[in-house]
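The residues making up each chain are set out below.
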Amino acid sequence: NNNNNNNDITNPLPDRLLSCFPYLLPLADGCSFGRYIYSRFPPIGAVERFTLQPLSDLFGSVPFSGLVVFVAFSFAARQRNLP
């Protein structure tokens, strides 16, 4: 139990939130493929509209956003000082 408290100190909240970003991008990119599930299960569609749809709209509105994000993540992966 004491080990969990130590882990929270070494990994501050902004770093933990930033580490979720690479996992949200594929989810946002795949929102269009979920329309069949959302039509059969409207509560899942409602959750998606409020959580991932804004990110999906932003990601789709910027030209070449996938390429830009890929290059940014590739550059960030080489930085040794990032957690």
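Cut-offs and rules
Residues numbered from 1 in each chain as written. Predicted model: local features only at pLDDT ≥ 70, side-chain atom pairs only at ≥ 80, totals over all residues. Heavy atoms only, no water. Helix = DSSP H or I, 4+ residues; strand = E, 2+ residues; numbered from the N terminus. Buried < 20%, exposed > 50% of the residue type's maximum accessible area, 1.4 Å probe, protein only. Areas by Shrake-Rupley, 256 points an atom, 1.4 Å probe, with all protein chains shown as cover. Patch = residues over 30% accessible without salt bridge, like charges linked within 9 Å, V, L, I, M, F, W, Y side chains within 5 Å. Salt bridge = Lys/Arg side-chain N within 4 Å of Asp/Glu carboxyl O. pLDDT = per-residue confidence, 0-100. Phe/Tyr/Trp six-rings, centres within 6.5 Å; stacked < 30°, edge-to-face > 60°.

### Thoughts on the overall build of the protein chain
Item 1. Within the protein chain, the regular secondary structure consists of 6 helices and 0 strands.
Item 2. When the helices and strands of the protein chain are listed from N to C terminus, the series reads α-α-α-α-α-α.
Item 3. Evaluated residue by residue, the protein chain yields a buried proportion of 13% over its 83 residues.
Item 4. Accessible surface, the protein chain as shown: approximately 7,100 Å² in total, 65% of it carbon and sulfur.

### Side note on a nonpolar patch on the surface
Item 1. Side chains of Phe64, Leu67, Val68, Phe70 and Val71 sit close together on the surface and give an oily, nonpolar patch of about 580 Å² of accessible area.
Item 2. Residue position: leucine 67 is located in helix 6 (residues 65-77).
Item 3. By relative accessible area, leucine 67 is classed as exposed at 53%.

### With respect to the confidence of the model for the protein chain
Item 1. In the predicted model, the protein chain carries a mean pLDDT of 80, and the fraction of residues at 70 or more is 87%.
Item 2. Looking at the elements of the protein chain, mean pLDDT is at its lowest for helix 1 (residues 2-10), recorded as 57, and at its highest for helix 4 (residues 42-51), recorded as 90.

### Concerning the packing of aromatic side chains
Item 1. Using the criterion set out here, one finds 1 aromatic pair in the structure.
Item 2. Residues phenylalanine 21 and phenylalanine 73 carry aromatic rings whose centres are separated by 5.9 Å and whose planes lie at 70 degrees to one another, so their mutual orientation is edge-to-face. Here phenylalanine 21 is found in helix 2 (residues 13-29), whereas its partner phenylalanine 73 is found in helix 6, with 52 residues between them in sequence.
Item 3. Of the residues examined, phenylalanine 21 reaches a relative accessible area of 33% and is grouped as partly exposed.

### Some remarks on unusual backbone geometry
Item 1. Unusually for a residue other than glycine, phenylalanine 64 sits at a positive phi of about 60 degrees.
Item 2. Tracing the backbone through its elements, the reader meets phenylalanine 64 in the loop between helix 5 (53-61) and helix 6.

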